[in-house]
Amino acid sequence: MKVNWRSLMNFEELSKEISYALRHAPWEYELELDENGWVSAEQLLTALNESDKWENVTLEDLEYMIENSEKKRHELVEGRIRAIYGHSIPKKMVKESTEPPAILYHGTARRFIKSIEDKGLLPNGRQYVHLSNDIETALQVGKRHDNKPIILEIDANKAWYEGIKFYLGNDKVWLADNIPSKYIKVTS
Ligand code: HQG
């Protein structure tokens, strides 16, 4: 009987490992990302296939993973793959700034509020601050840090017109270098 690897594969776990490789530690996989975060999918597969866990992963699996992921974290174009957002590696991804929606949201922990009110939103370990274009997504992001997260409302329109740069992530995620506190309203 032919084994259907795809039905056995844990795509969520694969997505996490690929996020780790492409956002945080490409050197562990002997990958060198270009300035926009792209790397050859073949090189990534070669690295993954070296481990017992991912020895059967194919290009079609990467396509399937991206296509079926509930969150669009990666993109695969003409044989190259990249993480769209979330990077922490020292070499900052070059992004083209774009006018954001009028209001963006950020879900965070109660314990961070005082510091955010003082210093604004900072990328901390990552290259960019991550914002959401809807409250629901911000809530989910915030719940990773606190079971009763706080939603911040960002006056992105005003910030943009006053020179703060924003960058498109996926259909729900927006990025910014930092958000000064004068554009932030604590809503809950
Ligand atoms: C907080 C996931 C104190 C900030 C998510 C956040 C997202 C401050 C934490 C993506 C601060 C950093 C990123 C300040 C910011 N003082 N705390 N001045 N400024 N913070 O995990 O935005 O599922 O690095 O509020 O869905 O939570 O992996 O960032 O709580 O899109 O694809 O510092 O990661 O995507 O936490 O999440 P994180 P994030 P994936």
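In this text the structure is predicted, and so the values were computed from the model without any measurement.

### A closer look at the overall build of the protein
- Within the protein, the secondary structure is distributed over seven helices and nine strands.
- For the C-alpha atoms alone, the extent of the protein along its principal axes is close to 60 × 35 × 25 Å.
- Counting over 188 residues, the protein shows a buried share of 42%.
- Total accessible area computed for the protein in this model is approximately 11000 Å², and 48% of it derives from carbon and sulfur atoms.

### Some words on the layout of surface pockets
- Put simply, the largest pocket is a space of about 1300 Å³.
- In terms of lining, the largest pocket is formed by 46 residues, of which the most central are Lys71, Tyr85, Arg126, Val141 and Arg144.
- When contributions to the lining of the largest pocket are tallied by element, the ones reaching two or more residues are helix 2 (11-24), helix 4 (59-68), strand 4 (103-108), helix 5 (113-119), strand 5 (129-132) and helix 6 (135-142).
- The element that contributes the greatest number of residues to the lining of the largest pocket is helix 2, accounting for six residues.
- Looking at side-chain class alone, the lining of the largest pocket contains 15 nonpolar, 17 polar and 14 charged residues.
- In terms of domain composition, the lining of the largest pocket takes at least three residues from each of domain 1 (5-83) and domain 2 (103-186).

### What about the sheet that holds strand 1 (residues 39-40)?
- Sheet architecture is open: three strands sit in the order 1-3-2, paired in antiparallel fashion. One side of each edge strand has no neighbouring strand; the edge strands of this open sheet are strand 1 and strand 2 (74-77).
- Judged from the two bridges that link them, strand 1 and strand 3 (residues 80-83) form a sheet pairing that is antiparallel. Residue serine 40 lies in a different strand from strand 3, and its bridge partner there is arginine 80.

### With respect to the site of the ligand
- By nearness alone, 19 residues border the ligand, and Lys71, His106, Thr108, Ser115 and His145 come closest of all.
- Here an oxygen atom of the ligand sits 2.7 Å away from a polar atom, N or O, in the side chain of arginine 23.
- With the chains in place, 87% of the 790 Å² that the ligand exposes on its own is no longer accessible.
- Cavity membership is defined here by more than half of the atoms lying within 2 Å of grid points; on that basis the ligand lies in the largest pocket.
- Of all the secondary structure elements, the ones that give two or more residues to the shell around the ligand are strand 4 and helix 5.
- Considering each element in turn, the shell around the ligand owes the most residues, three residues, to helix 5.

### Points about the domain arrangement of the protein
- Here the protein is described as being made up of domain 1 (5-83) and domain 2 (103-186).
- A C-alpha centroid distance of 27 Å is found between domain 1 and domain 2.

### With respect to the packing of aromatic side chains
- Under the criterion given, the structure shown has three aromatic pairs.
- Its end group placed over the ring of tyrosine 85, arginine 23 keeps NZ or CZ at 5.0 Å from the ring centre.
- For the cation-ring pair, lysine 92 lies above tyrosine 128, with the distance from its terminal atom to the ring centre recorded as 4.4 Å.

### A closer look at the pairing of strand 6 (residues 150-155)
- As paired strands, strand 4 and strand 6 are joined by six bridges and run antiparallel to one another. Its bridge partner lying in strand 6, histidine 106 is registered against leucine 152.

### Thoughts on the packing of helix 2 against helix 4
- Contact pair helix 2 / helix 4: the axes reach a minimum separation of 10 Å and the direction vectors enclose 100 degrees. Taken together, the axes of helix 2 and helix 4 lie roughly perpendicular to each other. Along the contact surface, helix 2 presents Phe11, Leu14, Ser15 and Ile18, while helix 4 presents Asp61, Leu62, Tyr64 and Met65.
- Among the residues forming the contact of helix 2 with helix 4, the class breakdown is six nonpolar, one polar and one charged.

What counts, and at which threshold
- Residues numbered from 1 in each chain as written.
- Predicted model: local features only at pLDDT ≥ 70, side-chain atom pairs only at ≥ 80, totals over all residues.
- Heavy atoms only, no water.
- Helix = DSSP H or I, 4+ residues; strand = E, 2+ residues; numbered from the N terminus.
- Buried < 20%, exposed > 50% of the residue type's maximum accessible area, 1.4 Å probe, protein only.
- Areas by Shrake-Rupley, 256 points an atom, 1.4 Å probe, with all protein chains shown as cover.
- 1 Å grid on protein atoms, 1.4 Å probe; cavity = no way out; pocket = protein on both sides within 12 Å on 5 of 7 lines; lining within 4 Å.
- Points joined across faces, edges and corners; volume = space filled by probe spheres on them.
- Nonpolar A, V, L, I, M, F, W, Y, C, P; charged D, E, K, R; others polar.
- Domains from an automatic or database assignment.
- Pairing = 2+ DSSP bridges.
- Near = heavy atom within 4 Å.
- Polar contact = N/O pair within 3.5 Å; in protein donor to acceptor, adjacent residues only side chain to side chain.
- Sits in = over half its atoms within 2 Å of the grid points.
- Phe/Tyr/Trp six-rings, centres within 6.5 Å; stacked < 30°, edge-to-face > 60°.
- Lys NZ or Arg CZ within 6 Å of the ring centre and 35° of its normal.
- Axes fitted to C-alpha atoms, helices over the stretch in contact; angles between N-to-C directions.
- Parallel < 35°, antiparallel > 145°, perpendicular 65-115°, else oblique.
- Contact = heavy atoms within 4.5 Å.

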